Amino acid sequence: MKRNIANLFLGGALIGLMSCQQPQKQTAENPSDTLHTILDSASFGSKVAGKDVKLYTLKNASGSTAYLTNFGARLVGLMVPDKHGTLTDVVLGFDKASSYNNPAEPYFGPIVGPFGNRIAKGKFTLDGETFTTPTNNGPNTLHGGKKGLHFANWEVKEANAKMVTFTYTLPDRHEGFPGNISMEVTYSWSDNNELTIHYQATSDKKTVINLTNHAYFNLNGEGSGTILDHQLKVFADKYTPVDSTLIPTGELAPVKGTPFDFTVSKTIGKDIEQDNQQLKFGKGYDHNFVLNETKVDGLNHAVTLTGDRTGIVMEIYTQEPGIQFYSGNFMGNKVTLKNGKTDSFRTGLCLEPQHFPDSPNQPNFPSTVLNPGDTYSTKSIYKFSTTK
Ligand code: BGC
């Protein structure tokens, strides 16, 4: 009996606690009230398809928190303060690890590869030998094929309160890619709200590699509506136009005078509906921008993105020559997010620092070849702050 009363009391306290964490109605005083999402290890789960998975929580001195998991080496949540100081989850994802193990899952937060983005017709040639990769996106290979890295169960080499290092070795000819490719990806979360992702890889055979992170961001908070009123600045005077299957034509075209001109900050929605062949091909923005060489400390300032309601600012700095801007055009209420909302059309966007799509077939693009004995190493930094 005593136990029952204790349970009742505990249950009541839990319900009380849970109701505090329920999304509340948005108010003018605090526009971020709807935006809390909280992940916890117990409900996240510890197995996916029979393999061990874990939620890694990196919490910094100010309480801002990055959530990661080894399944797909994914970023599954990122709580940063808005302009009022309210912690807001700016990354889309699921509250359960098992939800990521779904072919219809839209690549929420993983490391994609070994070749992120597209390879035309699933074919490329190295030293006269042609390699074939699965065509999982119309006639092309997307994000490493059907069994790309997003479904890999990465090992954890090191984890502490500030960083996690994931490792994984793809066997030779996995999804057609040559070489046993050994990868190491370190996520670190600093006290001044900077998320750094450092990628390294080696291969025992000549291969191609293009690793990036595929997080969907909504700086007003996950599930808070479209990203069309976010302000975006892209530090790129050129972009790579595509054909109808989203493979670059090979041209580096000026953005000036086109909807692709984000050199002066504008809302994403401003030109997205313009009558433009490239926007029709992408169903919106789904294009690689050629980053201006602004390198400071070896990194190009790629983008500055601002959430219109929260004032949350994300700047991306990268060693990569390009960034894919995908405005969530294929989203459409297919999955349920952490906070119970669905992934409606354009309610998240991806900004993926990377080499240009289809580089293995485009001799004029920066090379993505990795030779045995060489180490692939690249770094991108996502800096979070707020407007005043
Ligand atoms: C691609 C989109 C694709 C999306 C999948 C992006 O990197 O550019 O075309 O639909 O990934 O989530």
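Our subject is the structure that appears above.
The shown structure was predicted, so the numbers you read here are calculated from the model rather than taken from an experiment.

The rules behind the values
- Residues numbered from 1 in each chain as written.
- Predicted model: local features only at pLDDT ≥ 70, side-chain atom pairs only at ≥ 80, totals over all residues.
- Heavy atoms only, no water.
- Helix = DSSP H or I, 4+ residues; strand = E, 2+ residues; numbered from the N terminus.
- Buried < 20%, exposed > 50% of the residue type's maximum accessible area, 1.4 Å probe, protein only.
- Contact = heavy atoms within 4.5 Å.
- Areas by Shrake-Rupley, 256 points an atom, 1.4 Å probe, with all protein chains shown as cover.
- Lys, Arg positive; Asp, Glu negative; His and termini not counted.
- Charge placed at Lys NZ, Arg CZ, Asp CG, Glu CD.
- Near = heavy atom within 4 Å.
- Polar contact = N/O pair within 3.5 Å; in protein donor to acceptor, adjacent residues only side chain to side chain.
- Nonpolar A, V, L, I, M, F, W, Y, C, P; charged D, E, K, R; others polar.
- Core = buried A, V, L, I, M, F, W, Y, C linked by side-chain atoms within 4.5 Å.
- 1 Å grid on protein atoms, 1.4 Å probe; cavity = no way out; pocket = protein on both sides within 12 Å on 5 of 7 lines; lining within 4 Å.
- Points joined across faces, edges and corners; volume = space filled by probe spheres on them.
- Pairing = 2+ DSSP bridges.
- Salt bridge = Lys/Arg side-chain N within 4 Å of Asp/Glu carboxyl O.

Caption draft 1: Examining the overall build of the chain more closely. What the chain contains, in helices and strands, is three helices and 28 strands. With respect to the principal axes defined by its C-alpha atoms, the chain has extents near 75 × 45 × 40 Å. Within the chain, the proportion of its 388 residues that are buried is 55%. Long-range pairs, those at least 24 residues apart, make up 66% of the contacts in the chain with a sequence separation of at least 6. Here the chain displays about 16200 Å² of accessible surface, and carbon together with sulfur accounts for 53% of that area. On the chain, the mean spot of the 36 positive side-chain charges and the mean spot of the 37 negative ones are 4 Å from each other.

Caption draft 2: Region of the structure containing the side chain of H150. With respect to the helices and strands, the residue H150 is situated in the loop between β11 (141-142) and β12 (155-159). Apart from residues lying up to four places away in sequence, H150 is in contact with F71, G72, R74, Y107, P110, I111, H143 and G145.

Caption draft 3: Here's a closer look at the site of the ligand. The environment of the ligand is made up of P106, Y107, R118, H143, H214, Y216, D286, Q324, Y326, F330 and E352. Within the side chain of H214, a nitrogen or oxygen atom sits 2.8 Å from an oxygen atom of the ligand. One of the side-chain N or O atoms of Q324 is found 3.1 Å from an oxygen atom in the ligand. Protein burial of the ligand: of its 310 Å² of free accessible surface, 94% is covered by the chains. Of the residues in the shell around the ligand, the class split is five nonpolar, three polar and three charged.

Caption draft 4: Inspection of the nonpolar core at higher detail. Counting residues in hydrophobic clusters, the biggest one holds 60 residues, and the most contacted among them are F289, L351 and F384. Here F289 is in contact with V234, A236, K238, Y239, V255, F260, F262, P321, G322, I323 and F325, once residues within four sequence places are set aside. Counting 20 residues, the second-largest nonpolar core is a separate cluster that includes V76, L92, F94 and Y216.

Caption draft 5: View of empty space enclosed by the protein. The final tally for this structure, using the stated rule, is one cavity of 30 Å³ or more. In terms of lining residues, the largest cavity is bounded by N117, R118, T240, V242, L246, P248, D286, H287, N288, Q324 and P357. If you tally residues by element for the lining of the largest cavity, the top one is strand β22 (residues 286-290), at three residues. Taken together, the residues of the lining of the largest cavity break down into four nonpolar, five polar and two charged.

Caption draft 6: Representation of the pairing of strand β15 (residues 194-203) in the model. Counted residue by residue, β15 has seven buried out of 10 residues, so it is predominantly covered. As paired strands, strand β14 (residues 181-189) and β15 are joined by nine bridges and run antiparallel to one another. Opposite Y187, over in β15, you have I197 as the bridge partner. Counted along the chain from β14 to the antiparallel partner β15, the turn is four residues long, and its residue N193 has a positive phi close to 60°. Looking at chain direction, β15 and strand β28 (residues 376-386) are connected through eight bridges and run antiparallel. Within the sheet, the bridge partner assigned to I197 lies in β28 and is S380.

Caption draft 7: Region of the structure containing the pattern of salt bridges. Applying the stated rule across the entire model yields 14 salt bridges. The closest approach of N and O atoms between K338 and E222, which form a salt bridge, is 3.8 Å. With K338 in the loop between β25 (322-326) and β26 (350-354) and E222 in the loop between β17 (212-213) and β18 (231-234), this residue pair connects regions lying 116 residues apart in the sequence. Between D271 and K270 there is a salt bridge, with the nearest N and O atoms lying 4.0 Å from each other. Through salt bridges that share partners, D89, E222 and K338 make up one connected network.

Caption draft 8: Region of interest: the sheet that holds strand β19 (residues 238-240). Here five strands make up an open sheet; going across it, the order is β20-β19-β22-β25-β26 and the pairing antiparallel. Among the strands making up the open sheet, the edge pair consists of β20 (253-254) and β26. Here five bridges tie β22 to β25, and the two strands are oriented antiparallel to one another. Following the sheet pairing, N288 is matched in β25 by Q324.

Caption draft 9: Molecular detail of the side chain of D89. Relative to the helices and strands, D89 is located in strand β6 (residues 87-89). Taking the relative accessible area as the measure of exposure, D89 reaches 2% and is therefore buried. Within polar-contact distance, the side chain of D89 engages the backbone nitrogen of V91 at 3.3 Å. At 2.7 Å, the side chain of D89 forms a polar contact with the side chain of K338.

Caption draft 10: Up close: the environment of N210. By the secondary structure assignment, N210 is in the loop between β16 (207-208) and β17. The spacing of N210 and T378 is 168 residues in sequence and 9.8 Å in space, taken between C-alpha atoms. In this structure, N210 is in contact with V112, P114, F115, G116, E320, Q354, H355, F356 and Y376, ignoring residues within four places of it in sequence. A distance of 2.9 Å separates a polar atom in the side chain of N210 from the backbone nitrogen of H355.

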